[in-house]
Amino acid sequence: MASRTIAYRLYIDWDFDGSYTDESAYLESARGDMRLAAPESAITAGGGIVSSMTLTLRNPDGRFSPLRTDGALYAYLQNGGGYHAPCYLEVSIDGGSNYYRVFTGVLKLPSETTLSTKENPKVVIEARSREEIYLQKRASTAQADFAAAHDGGYTEADYIYEWLVDVAGVAAGDVTMDSGIFSIPWAWLDDESPIEDAWSLAAACGGRLYADPDGEFRFENLAHWQTAARSLTSQATFTRDEIGGTVALRYDDSELFNIITVEAAPRAAGGIDVLWEPDDVPVIAPQSTKVMTARFDAPAYAISGLEFEAYDDGGNGQTANVTVTPTYYAQSASLSIANGSDMRVHLYPLRIVGQPIVGGPEIEESRNAADDGTNGAFFADRGDRTRAVRGNPYIQSAAQAGTLAQFLLDRHEDPRLTITLRDAQGQPALRLSDRITVTDAATMSSSQACYVLAINWSLDKSFRQTIEAVQAASMYPNDGNYFVLGTHDFTSNRYVFY
């Protein structure tokens, strides 16, 4: 195997001003991990996977020491100041002019070891991809936005873009979106993480959301691997020479099913009703303002009004001296209650009236290999294996449930092949969802087209990757032969995609 020249650049924005410091000279080694849940697994997994990186930095003069006042970065690192500092790492192969990012994200806090008889002083810092910045943010959808999204026929992509850009605060230029496939009538945030709910919504539609090594937030829809250029055309070929380590082949019988059932939970706007009343009578001190949170049992499609009356301790009416200013969210309201009188007042009644969203009868869509698939005979000798998908609130229609059921059946009725390339020569331009070609005469008679699901990488004197990929033919029964609007005409004899 020919030797390769590896170059790398590590940049960290210690003072959060957008200007990065080149720390490449101090980098001893790095390793990282990024992965996707397979499309059929993501539907039930719901959560996303945050990529990670571990940096080992030489620290002979205390540059990265948070307790060394003479350290060059002490002003930024003291008292945990390096937490969430933006960073990125780039790698170039064989003296090429192109550097490719293998990670973009933010730092966690360092772990430092001092000089000893066995090792030089160094600092180890963990880092996480850009989802880390937004995971702990909580938000609620404004009631007007909730209703407008329903009336506007929002797809999963519309909601995800809005939650990332308008709610979480991700820059629009850092978001790359596939088109939405499903109309989702009702989706909202109720003091929840926009990122986590976007993960769940993407999963309910057979897609996925993740931050890539370039720092881009990417939403890939159900059809991504059959429409995206990097998933349609092989981005790399791995032969025995490039692999270097081992090729591991695995069929996973835990993912083998011939009957798929997907549950949908439809909702609809109900009649005018009381959305909220307090459990206890609110009491407001004289000449003061009290803020209350009203949480609804169900989200509100429309708010009809706020009703209240106010009385002092003697039972005298004080309604004219009390002002209640509401801020309405989809499933709650913030009430600012100002008492302008010189008396303590009690509010009764106090209620919010509107049109709630109510759940309808649950719907189940089932598909089986005998009637809807191509591998029914396989199970005739082996017995039924059933998988049920239930409990995802973003699966809301029979059409959506039926599509997902067929999508899952096509992936589960045949044993699925996963190929792992261990300790391969690293290709820094390689990305998740890329199509690759694997050729290994010792284990396969013909080359295999695969989609990249996971990349573990390491960087020191070399750049190596362990790549986990799934066989393309086991993911789509008509791989590469689906009709794409705007690309094919009706004479192309291609298959309709679900």
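Residues numbered from 1 in each chain as written. Predicted model: local features only at pLDDT ≥ 70, side-chain atom pairs only at ≥ 80, totals over all residues. Heavy atoms only, no water.

Caption draft 1: Geometry of the overall build of the chain. A tally of helices and strands in the chain yields eleven helices and 27 strands. Referenced to the eigenvectors of the C-alpha coordinate spread, the extents of the chain come out at roughly 90 × 75 × 40 Å. Here the chain holds 498 residues, and 47% of them are scored as buried. Expressed as a percentage of contacts within the chain between residues at least 6 apart in sequence, the contacts between residues at least 24 apart total 73%. As displayed, the chain has an accessible area near 22300 Å², and 47% of this comes from carbon and sulfur atoms. (Helix = DSSP H or I, 4+ residues; strand = E, 2+ residues; numbered from the N terminus. Buried < 20%, exposed > 50% of the residue type's maximum accessible area, 1.4 Å probe, protein only. Contact = heavy atoms within 4.5 Å. Areas by Shrake-Rupley, 256 points an atom, 1.4 Å probe, with all protein chains shown as cover.)

Caption draft 2: Expanded view of the environment of Asn-481. Mapping Asn-481 onto the fold places it in the segment after β27 (463–471). Given a relative accessible area of 28%, Asn-481 falls into the partly exposed group. When the C-alpha atoms of Asn-481 and Asp-151 are compared, they prove to be 35 Å apart, with 330 residues separating the residues in sequence. Among residues more than four places away in sequence, those in contact with Asn-481 are Gln-226, Asn-493, Arg-494 and Tyr-495.

Caption draft 3: Representation of the sheet that holds strand β23 (residues 386–389). Strand order across the open sheet formed by three strands is β22-β13-β23, with mixed pairing between neighbours. Of all the strands in the sheet, the pair left with one neighbour each is β22 (363–368) and β23. Averaged over all neighbouring strand pairs, the angle between strand axes comes to 15°, with direction disregarded. Pairing between strand β13 (residues 259–264) and β22: six bridges, direction antiparallel. Paired with Ala-264 across the bridge in β22 is Ile-363. (Pairing = 2+ DSSP bridges. Axes fitted to C-alpha atoms, helices over the stretch in contact; angles between N-to-C directions.)

Caption draft 4: Representation of the packing of aromatic side chains within the structure. One pass over the structure, following the stated rule, counts 21 aromatic pairs. Each ring, one from Tyr-26 and one from Phe-64, has its centre 5.4 Å from the other, and the planes form 85°; the classification is edge-to-face. Pair noted here: Tyr-26 is in the loop between β2 (21–22) and β3 (27–35) and Phe-64 is in the loop between β4 (52–58) and α2 (74–77), with a separation of 38 residues, a long-range link. On the basis of relative accessibility, which here comes to 23%, the residue Tyr-26 falls in the partly exposed class. Pairing Tyr-476 with Phe-497 gives two aromatic rings, centres 6.2 Å apart and planes at 40°, and the pair type is tilted. Of this pair, Tyr-476 sits in the segment after β27 while Phe-497 is found in the segment after β27, placing the two residues 21 residues apart along the sequence. Just as Tyr-476 is buried, Phe-497 falls in that class too. Connected via pairs of aromatic rings, a cluster forms that spans Trp-225, Phe-407, Tyr-451, Tyr-476, Tyr-482, Phe-497 and Tyr-498. (Phe/Tyr/Trp six-rings, centres within 6.5 Å; stacked < 30°, edge-to-face > 60°.)

Caption draft 5: Summary view of the sheet that holds strand β19 (residues 322–328). Reading across the sheet, the three strands line up as β17-β20-β19 and stay open at both edges, with antiparallel pairing between neighbours. Each edge of the open sheet carries a strand with a single partner, namely β17 (288–295) and β19. Each strand axis lies, on average, 20° off the axis of its neighbour in the sheet, ignoring direction. Examined bridge by bridge, β19 and strand β20 (residues 332–339) share seven bridges and lie antiparallel to one another.

Caption draft 6: Region of the structure containing unusual backbone geometry. Of note, the amide linkage connecting Tyr-348 to Pro-349 takes the cis form, showing an omega dihedral of 0°. Within the fold, Pro-349 resides in strand β21 (residues 345–359). With phi around 55°, Asn-79 is a residue other than glycine that occupies positive phi space. Even without glycine at this site, Ser-433 takes up a positive phi of about 75°. Mapped onto the secondary structure, Ser-433 falls in the loop between β24 (417–425) and β25 (435–438).

Caption draft 7: Region of interest: the side chain of Arg-208. You can see Arg-208 is positioned in strand β9 (residues 208–211). Side-chain polar atoms of Arg-208 contact the side chain of Glu-220, separated by 2.8 Å. (Polar contact = N/O pair within 3.5 Å; in protein donor to acceptor, adjacent residues only side chain to side chain.)

Caption draft 8: Summary view of the side chain of Ser-65. Inspection of the secondary structure puts Ser-65 in the loop between β4 and α2. Only 2.9 Å separates the side chain of Ser-65 from the side chain of Asn-59, close enough to count as a polar contact. When sequence neighbours within four positions are dropped, the list of residues in contact with Ser-65 reads Asn-59, Tyr-74, Leu-77 and Glu-112.

Caption draft 9: Highlighting helix α4 (residues 143–151). Of all the positions in α4, only Gln-143, Phe-146, Ala-147 and Ala-149 are classed as buried. Each buried residue of α4 lies within a common arc of 160° when the element is viewed along its axis, so the set occupies one face. Exposed and oriented more than 90 degrees from the buried face of α4 are Ala-144 and Asp-151. Just beyond α4, the residue with positive phi is Gly-153, at close to 65°. (Arc of directions from axis to C-beta.)

Caption draft 10: View of the packing of helix α5 (residues 156–168) against helix α6 (residues 194–204). At a minimum axis distance of 10 Å, the contact between α5 and α6 shows a crossing angle of 170°. Our classification of the angle between α5 and α6 gives roughly antiparallel. Mapping the contact onto sequence places Glu-156, Tyr-159, Ile-160, Trp-163, Leu-164, Val-167 and Ala-168 in α5 and Pro-194, Ile-195, Asp-197, Ala-198, Leu-201 and Ala-202 in α6. When its residues are assigned to classes, the contact of α5 with α6 shows eleven nonpolar, no polar and two charged. (Parallel < 35°, antiparallel > 145°, perpendicular 65-115°, else oblique. Nonpolar A, V, L, I, M, F, W, Y, C, P; charged D, E, K, R; others polar.)

Caption draft 11: Summary view of the pairing of β24. Burial analysis of β24 places seven of its nine residues in the buried class, the great majority of the element. Pairing between strand β12 (residues 247–251) and β24: five bridges, direction antiparallel. Across the sheet, the residue bridging to Ala-248 is Thr-420, located in β24. Relative to β27, β24 is paired through six bridges, and the arrangement is antiparallel. The residue of β27 that forms the bridge with Thr-420 is Glu-468.

Caption draft 12: Spotlight on the pattern of salt bridges. Counted according to the given criterion, the structure contains 23 salt bridges. A salt bridge links Arg-351 to Glu-277; the shortest N-O distance between them is 3.2 Å. Separated by 74 residues along the polypeptide, Arg-351 in strand β21 and Glu-277 in the loop between β15 (273–276) and β16 (283–284) bring together distant segments of the chain. With relative accessibility at 41%, the residue Glu-277 sits in the partly exposed group. A cluster of three or more residues bridged by salt bridges with shared partners is formed by Arg-9, Glu-90 and Arg-101. (Salt bridge = Lys/Arg side-chain N within 4 Å of Asp/Glu carboxyl O.)

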